[in-house]
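Understanding the architecture of this molecule
Letter by letter, the chains look like this.
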Amino acid sequence: MNQMAVEEAEKRCVVLVPSPFQGHITPMLQLASMLHAKGFSIVINHSELNPPDSSKHPEFTFLPLKDGLSNGDPSLLNLLNIIPAMNKNCRVPFQDYLVQMMEKPELYGQICCIIYDHLMYFITEVADHLELPTILLRSSSCAYMEAICAFLQFQAEKFTPLPEAKLLDPVPKIPALRFKDLPFALTSEIPEPLLQLLEKVTKIGSSVAIIGNTTENLENRALLWLRQHYQVPIFTIGPLHKMASSLQTSLAEEDASCISWLDTQATNSVLYVSLGSIVVMDKKELIETAWGLFNSNQPFLWVVRQSSIDGSTSIEHDLPDGYLEAVGDRGRIVKWAPQKEVLAHRAVGGFWSHCGWNSTLESIVEGVPMICRPCFGDQNVNARYITHVWKVGLQIGSDDLTRCVIESTIRKLMVEEEGKELRQRVVDMKQELQMSFQDGGSSHNSLKSLTEFISSF
Ligand code: UDX
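Analysis parameters
Residues numbered from 1 in each chain as written. Predicted model: local features only at pLDDT ≥ 70, side-chain atom pairs only at ≥ 80, totals over all residues. Helix = DSSP H or I, 4+ residues; strand = E, 2+ residues; numbered from the N terminus. Rg over C-alpha atoms; globule rule 2.2 N^0.38 Å. Buried ≥ 20, exposed ≤ 12 C-beta atoms within 10 Å, placed from the backbone. Contact = placed C-beta atoms within 7 Å. Near = placed C-beta within 6 Å. Nonpolar A, V, L, I, M, F, W, Y, C, P; charged D, E, K, R; others polar. Pairing = 2+ DSSP bridges. Axes fitted to C-alpha atoms, helices over the stretch in contact; angles between N-to-C directions. Parallel < 35°, antiparallel > 145°, perpendicular 65-115°, else oblique. Left-handed = near helix turned anticlockwise from the far one by under 90°. Arc of directions from axis to C-beta.

All right, on to the overall build of the chain then. The secondary structure content of the chain amounts to 20 helices and 15 strands. On C-alpha atoms alone, the chain measures out to a radius of gyration of 22 Å, which is about the 23 Å that the 2.2 N^0.38 rule sets for 457 residues. Burial status across the chain gives 43% buried among its 457 residues. Of the contacts made within the chain by residues no fewer than 6 positions apart, 71% connect residues no fewer than 24 positions apart.

Let us now look at the site of the ligand. G23, G276, Q339, G356 and S359 are the nearest of the 25 residues found near the ligand. If you list the elements that add at least two residues to the shell around the ligand, you get helix 2 (22-37), helix 15 (339-344), helix 16 (357-365) and helix 17 (378-389). The class makeup of the residues in the shell around the ligand is six nonpolar, 16 polar and three charged.

Attention now goes to the pairing of strand 7 (residues 174-178). Pairing geometry for strand 6 (residues 170-171) and strand 7, over two bridges, is antiparallel. Residue pairing for strand 7: P170 is matched across the bridge by R178. Taking the residues between adjacent antiparallel strands as the criterion, strand 6 and strand 7 are bridged by two residues, where K173 takes a positive phi near 70 degrees.

To continue, consider the packing of helix 7 (residues 142-156) against helix 17. Two elements in contact, helix 7 and helix 17, have axes whose closest approach is 9 Å; the angle formed by their N-to-C orientations is 120 degrees. Comparing the axis directions of helix 7 and helix 17 gives the class oblique. Of the two possible hands of crossing, helix 7 and helix 17 adopt the one that is right-handed. Mapping the contact onto sequence places A143, Y144 and A147 in helix 7 and D378, V381 and Y385 in helix 17. Class assignment of the residues belonging to the contact of helix 7 with helix 17 gives a composition of five nonpolar, no polar and one charged.

We now examine the sheet that holds strand 8 (residues 209-212). The seven strands are arranged 3-2-1-4-5-8-9 in an open sheet whose pairing can be described as parallel. In this open sheet, the two edge strands, each paired with only one partner strand, are strand 3 (61-65) and strand 9 (234-236). Pairs of neighbouring strands in the sheet enclose a mean axial angle of 25 degrees, with direction left out of account. Looking at chain direction, strand 2 (residues 41-47) and strand 3 are connected through five bridges and run parallel. Each residue of the ladder has a partner; that of N45, found in strand 3, is L63.

Before going further, it helps to spend a moment on the environment of F294. Tracing the sequence through the fold places F294 in helix 12 (residues 283-296). Classification of F294 by C-beta neighbours within 10 Å gives partly exposed; the count is 19. For the pair formed by F294 and A326, sequence separation is 32 residues and the distance between their alpha carbons is 8.5 Å.

The subject of this paragraph is helix 9 (residues 220-230). Listed as buried for helix 9 are A222, L223 and L226. Buried residues of helix 9, seen end-on, are gathered within an arc of 100 degrees and therefore sit on one face of the element. Along helix 9, exposed side chains directed more than 90 degrees from the buried face belong to N220, L224 and Q228. Backbone geometry just downstream of helix 9 places Q231 in the positive-phi region, at approximately 55 degrees.

None of the figures reported here should be taken as evidence of function without further support.
Right under this line is the structure:
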């Protein structure tokens, strides 16, 4: 063994298991980086589907789990197949790796615990079998966990299907949410595979703690619920992208040319538009969004992923004839942007977002107000918090996606009085959040406690 390998082997090892989606891989790698900086050696056990780029993280050991799933963009339509298959297929390879690692601690160090993403729920059974402690990483908001549990409770009590007229009523014990904002519709029969999946992702088995990519202030009420419900220590160490050293976590190649374009734009003038890594829109929505952006007269930076338009072969082909020429230098369309850098840029004054949890945190922490266009699951809950609890964004409903409504919503956010108020509030939130990840702040202290907790195993 060379000197570096010897040093690694003397450390204690944390095994981390992300699920194969950008919004889940990113926080897991950020957590890995923070624990590495605290002196642990890091093993990432990842699926073969959507693997992280190991060449960007030479300080970690990457061990692929044979998942038997062909590589491709996991669209919403087959998530319900992918997740159970992943949990079934990865079990044996994961156990085999752990046994090898336990037999040869000189390779990676002695395993002190396993940290897993909530979608990889098979982990606790394997760990129980080998008597290893596990910690759950919540890569979505804590409010979402509370909302799923409420949703499942209604199911169990046979409250469903809910009459349309009750959709605007508040959810008992969660005053921030209406029935309409729960992660899934209560008005029709819920497919059994979805129910089974939700049951599994809300259980923590024998896990000894939960890590949240959040802060005490941001989710104070939901955290109270979480602590009471699960009765294990909860470490709130978010926003992870600010707590971790700058880290390359993108699965797709970032188009950095948009940063020099942003440099030429006036302060707070640009609307950044991105619906994350999974959401798919139809061609009608693409056209209405394109005209809404054009008619708003605001500069815009729009991320349209290759696979994000249903049935499309190329965005250039799907946009109206002459559209790009008409937009000229007022807009940029890219396939994938360096989002954190974009949101931190002084020219960006608004974010049209699907309200994935990472995007939500990244926007608030840079003081950028949002237009919320949630599509599924946790995004509905996050959007409600953004618009009605923190009051730092406007919501646009799926029935409102016409060019006229899009144009007027953009103008409301970017130039009108209402937008100025939202911007002021999100700037206040930014300052509050910044305190949490500075020396002595709540996330900073919580990371210290987490490190001591893991070291105690
Ligand atoms: C998924 C779910 O859809 C989301 O609801 C859940 O909260 C997390 O898992 P995703 O849809 O990808 O995530 O959204 P989000 O959580 O916002 O994560 C997207 C990540 O990709 C962000 O960290 C963002 O910075 C990054 N990104 C997105 C880029 O780096 N470039 C882009 O062009 C777009």
